[in-house]
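Fold and contact review
Each chain, letter by letter, is given below.
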Amino acid sequence: MLREADDLEQSEEYDVNEVMSSVERGRGNNRRIIYLVKWLDYPERKDWMEEPFDNFSVGGREKLQEFHQRNPDAPRDYRLTDA
């Protein structure tokens, strides 16, 4: 769920086409996983964005599951279940 900074009342969501990669950022308690997302209807690399787990809706989290099934050794957010 990505929101426009100047209008939080009007939420705009984008559909995930595919999760391309994941990377670990930070250390210790500041450690988090960032996912590189290819958006539906935005196929060009310049439009892909890095997003934290919290920005994924339920449908987007299904795409995270698919990504990790294909890439079992990729960094994974601890809140993402194996289901």
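This text follows the structure it describes.
Quick look at the structure, then. (Residues numbered from 1 in each chain as written. Predicted model: local features only at pLDDT ≥ 70, side-chain atom pairs only at ≥ 80, totals over all residues. Heavy atoms only, no water.)

1. Regarding helix H1 (residues 58–70)
- With 13 residues, H1 should cover 18 Å at 1.5 Å per step; its first-to-last C-alpha distance of 19 Å lies within 8% of that length.
- Those residues of H1 lying buried are Gly-60, Leu-64, Gln-65, Phe-67 and His-68. Each buried residue of H1 lies within a common arc of 160° when the element is viewed along its axis, so the set occupies one face. Exposed side chains of H1 directed beyond 90 degrees from the buried face belong to Val-58 and Gln-69. (Helix = DSSP H or I, 4+ residues; strand = E, 2+ residues; numbered from the N terminus. Expected span 1.5 Å × (residues − 1). Buried < 20%, exposed > 50% of the residue type's maximum accessible area, 1.4 Å probe, protein only. Arc of directions from axis to C-beta.)

2. Notes on the nonpolar core
- Counting twelve residues, the largest nonpolar core is built from Val-16, Val-19, Ile-33, Tyr-35, Val-37, Trp-39, Phe-53, Phe-56, Leu-64, Phe-67, Ala-74 and Leu-80.
- For this core, the secondary-structure elements that each account for two or more residues are strand S1 (16–25), strand S2 (32–39) and H1.
- Setting aside chain neighbours within four positions, we find Phe-67 in contact with Val-19, Met-20, Ser-21, Ser-22, Tyr-35 and Ala-74. (Core = buried A, V, L, I, M, F, W, Y, C linked by side-chain atoms within 4.5 Å. Contact = heavy atoms within 4.5 Å.)

3. Concerning the side chain of Glu-51
- For Glu-51, the location among the structural elements is in strand S3 (residues 49–52).
- Despite being buried, Glu-51 has no salt bridge partner; Arg-32 is the closest side chain of opposite charge, sitting 7.7 Å away.
- A polar side-chain atom of Glu-51 sits 2.6 Å from a polar atom in the side chain of Asn-55. (Lys, Arg positive; Asp, Glu negative; His and termini not counted. Salt bridge = Lys/Arg side-chain N within 4 Å of Asp/Glu carboxyl O. Polar contact = N/O pair within 3.5 Å; in protein donor to acceptor, adjacent residues only side chain to side chain.)

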